[in-house]
2 protein chains.
Amino acid sequence: MTASAQIVERSLEVRCGGRRVPTALWLPVLASHRRFAVPLVLVGHGGGGHKRAPIVVDMAEGLAREHGIATLAIDGPVNGDRDTNDAAAHALRKQDRHAYRRKYYLEQYDSMVDDWRAALDAAQQLPEIGKGPVGYFGLSMGTRFGVPLIAAEPRIRAAVIGLFGHREGLETSQRVYDDVVKIDVPVLFLQQLGDEEVGQRAYHELFEHIGTPDKRLHANPGGHAAVPRSELHAARAFLARKLKAQRDG
Amino acid sequence: MTASAQIVERSLEVRCGGRRVPTALWLPVLASHRRFAVPLVLVGHGGGGHKRAPIVVDMAEGLAREHGIATLAIDGPVNGDRDTNDAAAHALRKQDRHAYRRKYYLEQYDSMVDDWRAALDAAQQLPEIGKGPVGYFGLSMGTRFGVPLIAAEPRIRAAVIGLFGHREGLETSQRVYDDVVKIDVPVLFLQQLGDEEVGQRAYHELFEHIGTPDKRLHANPGGHAAVPRSELHAARAFLARKLKAQRDG
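In short, a report on the structure. Values in this document were obtained by computation on a predicted structure and should not be read as measured data.

The rules behind the values
Residues numbered from 1 in each chain as written. Chains lettered and ligands numbered in written order. Predicted model: local features only at pLDDT ≥ 70, side-chain atom pairs only at ≥ 80, totals over all residues. Heavy atoms only, no water. Helix = DSSP H or I, 4+ residues; strand = E, 2+ residues; numbered from the N terminus. Buried < 20%, exposed > 50% of the residue type's maximum accessible area, 1.4 Å probe, protein only. Lys, Arg positive; Asp, Glu negative; His and termini not counted. Salt bridge = Lys/Arg side-chain N within 4 Å of Asp/Glu carboxyl O. Polar contact = N/O pair within 3.5 Å; in protein donor to acceptor, adjacent residues only side chain to side chain. Contact = heavy atoms within 4.5 Å. Least-squares fit on C-alpha atoms with pLDDT ≥ 70 in both. Buried area = accessible area lost by both parts, 1.4 Å probe. Nonpolar A, V, L, I, M, F, W, Y, C, P; charged D, E, K, R; others polar. Pairing = 2+ DSSP bridges. Axes fitted to C-alpha atoms, helices over the stretch in contact; angles between N-to-C directions. Parallel < 35°, antiparallel > 145°, perpendicular 65-115°, else oblique. Left-handed = near helix turned anticlockwise from the far one by under 90°.

Secondary-structure assignment places K215(A) in strand β10 (residues 215–220). Despite being buried, K215(A) has no salt bridge partner; E208(A) is the closest side chain of opposite charge, sitting 5.6 Å away. Here the side chain of K215(A) touches F207(A) through a polar contact of 3.0 Å, landing on its backbone oxygen. Among the polar contacts listed, one links the side chain of K215(A) to the backbone oxygen of E208(A), at a separation of 3.2 Å. Sequence-distant contacts of K215(A), defined by excluding residues within four places in its chain, comprise V187(A), F207(A), E208(A), I210(A), L193(B), A219(B), N220(B) and P221(B).

This part takes up the relation of the copies chain A and chain B. Mapping chain A onto chain B calls for a screw motion: a turn of 180° about the axis and a shift of 0.0 Å along it, with 0.0 Å RMSD after fitting. Interpreted geometrically, this transformation is the action of a two-fold axis. Taking C-alpha positions as reference, the residue of chain A nearest the rotation axis is H218(A), located at 2.2 Å. The fraction of interface residues of chain A whose copies in chain B are also interface residues reaches 100%, indicating that both copies meet through the same surface.

Quick look at the interface of chain A and chain B now. Taken residue by residue, the interface counts 14 residues in chain A and 14 residues in chain B. Buried surface at the junction of chain A and chain B, both sides included, amounts to about 950 Å², of which 57% is carbon and sulfur. If you sort the residues of chain A by the area they bury against chain B, L217(A), H218(A) and P221(A) come out on top, with a joint share of 35%. Inspection of the chain A/chain B interface yields zero salt bridges. Where chain A packs against chain B, one counts five residue pairs in polar contact (both at pLDDT 80 or more). Elements with a contribution of two residues or more to the side of chain A that touches chain B: β10 and α10 (229–248) of chain A. Ranked by residues supplied to the side of chain A that touches chain B, first place goes to β10(A) with six residues. When its residues are assigned to classes, the side of chain A that touches chain B shows six nonpolar, three polar and five charged.

Here we come to the pairing of strand β1 (residues 7–10) of chain B. Residues and elements named next belong to chain B. Judged by which residues are buried, β1 turns out to be one-sided: I7 and E9 face inward and are buried, whereas V8 and R10, on the alternate face, are not. In this structure, β1 lies alongside strand β4 (residues 23–28), joined through four bridges in antiparallel fashion. Directly across from E9, in β4, lies its bridge partner W26.

Here the focus is the pattern of salt bridges. All names here are of chain B. If you walk through the whole model with that rule in mind, you get 30 salt bridges over all chains. R82 serves as the salt-bridge partner of D115, at 2.8 Å between the closest nitrogen and oxygen. Placement of D115 in helix α5 (residues 109–123) and of R82 in the loop between β6 (70–74) and α3 (87–95) is noted, with a sequence separation of 33 residues between them. Comparing D115 with R82, the two get one shared label, buried. A salt bridge links K182 to D179; the nearest nitrogen and oxygen atoms lie 2.7 Å apart.

Glancing now at the packing of helix α2 (residues 54–67) of chain B against helix α10 (residues 229–248) of chain B. Residues and elements named next belong to chain B. Two elements in contact, α2 and α10, have axes whose closest approach is 10 Å; the angle formed by their N-to-C orientations is 55°. Our classification of the angle between α2 and α10 gives oblique. When you trace α2 past α10, the crossing you get is right-handed. Contacts between α2 and α10 pair D58, M59, G62, L63, E66 and H67 from the former with R229, L232, H233, R236, A237 and A240 from the latter. In terms of residue class, the contact of α2 with α10 is built from five nonpolar, three polar and four charged.

And the structure:
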């Protein structure tokens, strides 16, 4: 349970394919008092994070305070409150061996999309959540699992992705490249110029592959985890602007 | 004379090397009433523009309204109120032949830096203008003549440049490449992904050459003249943030 002056958390029970999907849903405080529904942004956390990681909660607070937008997050395939009776996930948590982890991520690629869509279905059942266009924000692992979701889900109409490229070789990231071509909604792509995990050429190739011509790239100094706060602020403004334009248009 | 709810223009007489330097200086309205000095941003206009072109005045209004910052502009070597007794400049205005124009730009490269510095000296004589760090904003031709200024002038401590690359061959843009290496202040570099005048590789090379590691790139969809309003807003916020950090630090 997270509460601040800006947001209030609502519980949301979601099941998909026999699994429980661990969710976190934050509403702007005003939305919980008023009678109108608010827009929604889905936030996918990065590797090692979880649905209530600081960057996720910061995004939820910023989206609420600056734009009156609600935020929905779910746990990735390994972290947070995912069921631990899966032996593979359990082993991955302990050994943190990158090659195995990424192979496991690939195995969960389709089920993560299913889980996100089930969570979105459930969130839109609430009277506080609007039925209009939805945004997506997810960097690094949040891009890995966000790209297939954005490509598959017509309710998502604007996205912020980045901090991702084929650092691990084609065998596990090829599906991301295949799916990024299908994206046809406005995209803001974030890059770190001193990224120690993703090569600059890999960044460039992934950006080039994004299907829509309505894409823009922001490249900032510093390493993988050094995305500036001003850029996160700009990302929220981008999503709010694009969603509003599509509601109004 | 420009006046709005946000800015008031002050006349500023500047001479340099025997030339009159045509200037435009706008102060936030509040600064003209109060007793404190405000920060200053220099705005270099693009090709075909002049010191009171709409994008210059828009920047001045935005800097004043959003950040309480003053704006100084001067005419480029050909346009605006530059003396017309120079036969070469006069011919250039009439024939608009790109190769000749760029050769002329190269000839004016050093004197434009001198003119800018003289204008900055004069502006900082005014009690309303602070003596602290100064920003620079200039795209396209505003980058051509801005890069040597930023490299030479220690009072400039943050810059927004872009929409420029070696489209005309090395002989006239080589000095820009030589000078961009010397820039050691924070830079925001703007790129247009559908630019019909500057190639994407040229953009990439110029950005790579910027001397400081404290550089970031924003690439947006659309042609040379299609820089989004949101990006100009972000550029103003970038300059205000970097100047404030250096005053406070």
